[in-house]
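Results of the structural survey
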Amino acid sequence: MKKINLAVVGATGMVGRTILKILEERSFPVNNLYLYASAKSKNTKLTFDSKEYIVEELNESSFDKNIDIALFSAGGDISKKYAPIAKEKGIIVIDNSSAWRMEKNVPLIVPEVNSGDIAWHNGIISNPNCSTIQVVVPLKPLHDAYKIKRIVYSTYQAVSGSGIGGIKDLENGIKCLSNEKYPHPIAYNCLPHIDIFMDNGYTKEEMKMIDETKKILNDDTLRITATTVRIPVKNCHSISVNLEFEKSFELDDVYSCLKENKGIIVQDDVKNNIYPMPINVDGTDQVYVGRIRRDLSVENGLNLWVVADNIRKGAATNAVQIAELAAKNL
Ligand SMILES: NC(=O)c1ccc[n+]([C@@H]2O[C@H](COP(=O)([O-])OP(=O)(O)OC[C@H]3O[C@@H](n4cnc5c(N)ncnc54)[C@H](OP(=O)(O)O)[C@@H]3O)[C@@H](O)[C@H]2O)c1
């Protein structure tokens, strides 16, 4: 693979710093590296591959350089403004925000599920929402085998999903200090409220899971509902998934179907109290699936418990995997 000139926008954030770590871990072939953040972090020093890099303040001329790929993780407003500037200069943008995800000519990619969609990118490729990434990995083989009709998502999402501000609210809350990021204390609490409320009563996070699942699985006929909840866990999102299939299934075949997928670890041995939990999944790149059982309330129903590291597989790892796909064609 050719050595890539890479930019990371939002390099000082939770996701940006993890992207740097994962680029190192996966030996991504980096040639020149440019790190951008806000004025607040200008001149911050970050280390990559034992070399020190100085963070620059992002501005409209940041992309007047020989850059092949830019990984954006600095929020939707920054992506909306700067991704078109980078794209105009011939740079492939891989965007972690929700700014471009539902645009028709922007592929939304989870490499284990729809890597082929990269073929139709037009300069911007979106990284899906963290909860959606982890859940579509086990849904894809099950959809192929049994055709999903309906999905009910109930999430238990970690504070790292809100960036550094979310972690601070949890740590401060435990010390009885007040909250700044969330509308209510998150310590010893849970908030059925992630992102803003929409006119239909859902939160934007819930609508992201619904719309992005349909786009990634390329199936608008799926009926999906979601309730997304922030819980006082530092890292790793957990999702309870209730599925209703068109076809009947045997549980043994469901296990085999999930186990065949490299990106999935089935952890399901309830006799020995073994099931996926955030404290064990933290720091990993696979999606962990357990509590696999029939939903006794419907015909052809299946329940799953799905846990993944939202900063790694839910954001940084997935973005780097997309960069690897994009780099193959450069
Ligand atoms: N956390 C997750 O689980 C997760 C998952 C998927 C996607 N995402 C998305 O990834 C993005 C970053 O999330 P995060 O959790 O890493 O947030 P974060 O920890 O708050 O980091 C935000 C980053 O954006 C930079 N930034 C803010 N304003 C900027 C500006 N005006 N110009 C340039 N850079 C600016 C910050 O730089 P300073 O240090 O200078 O402030 C920092 O590097 C968001 O779009 C988020 O929705 C997050």
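Just so we're clear, the structure is a prediction, and the values are computed from it rather than from any experiment. (Residues numbered from 1 in each chain as written. Predicted model: local features only at pLDDT ≥ 70, side-chain atom pairs only at ≥ 80, totals over all residues.)

Turning to the nonpolar core, a few remarks are in order. Among the nonpolar cores identified, the biggest contains 86 residues, and V8, V9, I19, Y36, A70 and V306 are the most heavily contacted of them. The element contributing the most residues to this core is helix 4 (residues 130-146), with seven residues. Of the domains in this structure, domain 1 (4-128 + 315-328) and domain 2 (131-310) are the two that each give at least three residues to this core. (Core = buried A, V, L, I, M, F, W, Y, C linked by C-beta atoms within 7 Å. Buried ≥ 20, exposed ≤ 12 C-beta atoms within 10 Å, placed from the backbone. Helix = DSSP H or I, 4+ residues; strand = E, 2+ residues; numbered from the N terminus. Domains from an automatic or database assignment.)

Time to look at the packing of helix 4 against helix 6 (residues 204-216). Packed helices, taken two at a time, are described by the angle between their axes plus the distance between the axes. Between helix 4 and helix 6, whose axes approach to 9 Å, the crossing angle comes to 45°. The angle between helix 4 and helix 6 places the two elements in the oblique class. In terms of crossing hand, the pair formed by helix 4 and helix 6 is right-handed. Residues S131, T132 and V136 of helix 4 form the contact with helix 6, whose participating residues are K208, M209, E212, T213 and I216. When the residues that make up the contact of helix 4 with helix 6 are grouped by side-chain class, the tally is three nonpolar, three polar and two charged. (Axes fitted to C-alpha atoms, helices over the stretch in contact; angles between N-to-C directions. Parallel < 35°, antiparallel > 145°, perpendicular 65-115°, else oblique. Left-handed = near helix turned anticlockwise from the far one by under 90°. Contact = placed C-beta atoms within 7 Å. Nonpolar A, V, L, I, M, F, W, Y, C, P; charged D, E, K, R; others polar.)

Before going further, it helps to examine the site of the ligand. The immediate surroundings of the ligand are formed by 30 residues, with G13, S38, S41, A74 and G163 found nearest. Elements represented by at least two residues in the shell around the ligand include exactly helix 1 (14-25), strand 2 (30-37), helix 2 (76-88), helix 5 (164-174) and helix 9 (312-328). The leading source of residues in the shell around the ligand is helix 1, at three residues. No fewer than three residues from each of domain 1 (4-128 + 315-328) and domain 2 (131-310) sit in the shell around the ligand. (Near = placed C-beta within 6 Å.)

This part takes up the packing of helix 4 against helix 7 (residues 251-259). As a packed pair, helix 4 and helix 7 sit with axes 9 Å apart at the nearest point and diverge in direction by 130°. It follows from the interaxial angle that helix 4 and helix 7 lie oblique. Like other packed secondary-structure pairs, helix 4 and helix 7 cross with a definite hand, here right-handed. Across the interface between the two elements, P138, P141, L142 and A145 of helix 4 pack against V254, C257 and L258 of helix 7.

Moving on to the pairing of strand 6 (residues 69-72). Covered by surrounding structure in strand 6 are I69 and L71 together with A70 and F72, the residues of both alternating faces. By the bridge criterion, four bridges tie strand 1 (residues 4-9) to strand 6 in an arrangement that is parallel. Directly across from L6, in strand 6, lies its bridge partner I69. As a crossover connection, the stretch from strand 6 through helix 2 into strand 7 (residues 92-95) is right-handed. (Pairing = 2+ DSSP bridges. Right-handed = clockwise from strand over helix to strand, strands pointing away.)

As a further point, take the environment of Y82. Mapped onto the elements of the fold, Y82 is located in helix 2. Through-space distance from the C-alpha of Y82 to that of F72 is 9.1 Å; in sequence the pair is 10 residues apart. Filtering out sequence-adjacent residues up to four positions away, Y82 remains in contact with V9 and L58.

By the assigned domains, the protein chain splits into domain 1 (4-128 + 315-328) and domain 2 (131-310). Taken over C-alpha atoms, the centre of domain 1 sits 25 Å from the centre of domain 2. Contact residues are listed per partner, giving 14 residues for domain 1 and 17 residues for domain 2. Its residues assigned to classes, the side of domain 1 that touches domain 2 comprises seven nonpolar, five polar and two charged.

So, on to the pairing of strand 3 (residues 45-48). In the sheet, strand 3 pairs with strand 4 (residues 51-54) via four bridges, with the strands oriented antiparallel. Bridge pairing in strand 4 links F48 to K51. In sequence, strand 3 turns back onto strand 4 through a hairpin of two residues, with D49 there showing a positive phi of about 50°.

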